[in-house]
Amino acid sequence: MKQSRWKAFFISGLGSILFLALPVAVHGTETVTVFAAASLAQAITDLADVFTAKGGGKVTPSFAGSSILAKQIENGAPANLFISADEDWMNYLADRQLIVPPSRLDLLGNRLVLIALRESPIRGEIGPGFPLAQLLGDSRLATADPDHVPAGKYAKAALGKLGVWTGIESKLARADNVRAALALVERGECALGIVYATDAAISMKVRIVGAFPEDTHPPIVYPVALVSGKDTPASRSFLDFLKTPEARSVFEKYGFTVR
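Every chain begins its residue count from 1, and numbering advances along the sequence as written. Owing to the predicted nature of the model, reporting of local features is limited to residues with pLDDT of at least 70; listing and counting of side-chain atom pairs is limited to 80 or more, with chain, interface and lining totals taken over all residues. Computation of side-chain values: all heavy atoms of the structure, hydrogens and water removed.

Moving on, we come to the confidence of the model for the chain. Residues with a pLDDT of 70 or more make up 89% of the chain, whose mean pLDDT is 90. For the stretch residues 1-27, pLDDT sits under 50, and the model shows four contacts to residues farther than four places along the chain or on other chains. Confidence of the predictor at the level of single residues is given by pLDDT, which spans 0 to 100. The contact criterion used throughout is that any non-hydrogen atoms of two residues lie within 4.5 Å.

Pairs of strands are assigned from DSSP output, requiring at least two bridges between the strands. Only DSSP runs of H or I with at least four residues qualify as helices, and only runs of E with at least two residues qualify as strands; both kinds are numbered from the N terminus onward. On the basis of which strands lie adjacent, the open sheet formed by six strands has the order S2-S1-S3-S10-S4-S11 and mixed pairing. On the outer flanks of this sheet lie strand S2 (58-64) and strand S11 (257-258), each paired with one strand and no other. As defined by bridge partners, strand S1 (residues 31-37) adjoins S2 across seven bridges and the pair is classed as parallel. In the sheet register, alanine 37 faces S2, and the bridge partner there is alanine 64.

When two rings of Phe, Tyr or Trp (its six-membered ring) have centres within 6.5 Å they constitute a pair, described as stacked for plane angles under 30 degrees, edge-to-face for angles over 60, and tilted for the intermediate range. Summed over the entire model, instances satisfying the criterion amount to eight aromatic pairs. Taken together, the ring pairs connect Tyr154, Tyr196, Tyr222, Phe251 and Phe256 into an aromatic cluster. Should the NZ of a Lys or the CZ of an Arg lie within 6 Å of a ring centre and within 35 degrees of the ring normal, that charge is described as sitting over the ring. The ring of tyrosine 92 carries arginine 96 above its face, with NZ or CZ at 3.5 Å from the centroid.

On to the pairing of strand S8 (residues 192-196), then. Buried residues are those whose accessible area, probed at 1.4 Å on protein chains only, stays under 20% of the maximum for their type, while exposed residues exceed 50% and partly exposed ones sit between those limits. Among the five residues of S8, five are classified as buried, and the element is accordingly described as predominantly covered. Of the strand pairs in this sheet, strand S5 (residues 112-117) and S8 are connected by four bridges, and their pairing is antiparallel. Directly across from leucine 114, in S8, lies its bridge partner isoleucine 194. As paired elements, strand S6 (residues 141-144) and S8 share two bridges and run parallel to each other. Bridged to leucine 141 within S8 is leucine 192.

Now for the sheet that holds S5. Read from one edge of the open sheet, five strands run S7-S6-S8-S5-S9, paired in mixed fashion. The sheet is open, and its two edges are formed by strand S7 (172-175) and strand S9 (206-211), each paired on a single side. Neighbouring strand axes in the sheet, compared pairwise and without regard to direction, differ in orientation by 35 degrees on average. In the sheet, S5 pairs with S9 via five bridges, with the strands oriented antiparallel. To define axes, lines are fitted to C-alpha atoms, for helices over the stretch in contact only, and angles between the resulting N-to-C directions are given on a 0 to 180 degree scale.

At glutamine 97, a position not held by glycine, the phi torsion is positive, near 60 degrees. Examined against the element boundaries, glutamine 97 turns out to sit in the loop between helix H4 (87-95) and strand S4 (105-109). With a relative accessible area of 65%, glutamine 97 lands in the exposed category.

Here it is, written out as structure tokens:
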């Protein structure tokens, strides 16, 4: 009789444990869709793998220019989390009530640099009135679209502040995102390009000609926020993970400044 009561108690207790564990199991099977600026491709991919390996659930990243991603979110794309390469496109979504305001924070910083092929003879110092048009010669300057994409907007601001924008505007090769601009230089289609320091660091084909002074353009800031109506427990967990020392070490490995 005692054995029967003990067996019933054990089964009841086991059922309670399984019930309590169920939310964790379900949480681990959720997929988090992250829309992130193209310059974050390596770092976010690495962090997604670590998060999944820790049992946090599957993370599916999608990388493109921040402007393209913001417009996709506006049109109903199923993103849970958005990481922009500037504040403008995060503000764009905030103005349309498409992010969760309390979740927003400035996550990272970066530097803007001028690049050339590793074997290129081009040399020069970046400063007011520097001879960028002469350095380009008959070639073009690769940059993300300066009218929409953050890297291009930063580049336009810097070149304007240095007084050389007017002389090279007609020589621009406008790319959809900063990684596409990097590729134009890597393939030798453009003699020079303007990208983030983190993009130059991952390429074995280019070198940095010079860095733009930080006071020539707005601060390069990567804000992150949950997407309104898509803030699942798993997406909140991944956002929390991006703030950890473990995530910091990955971001810093790729050259980002953690804010």
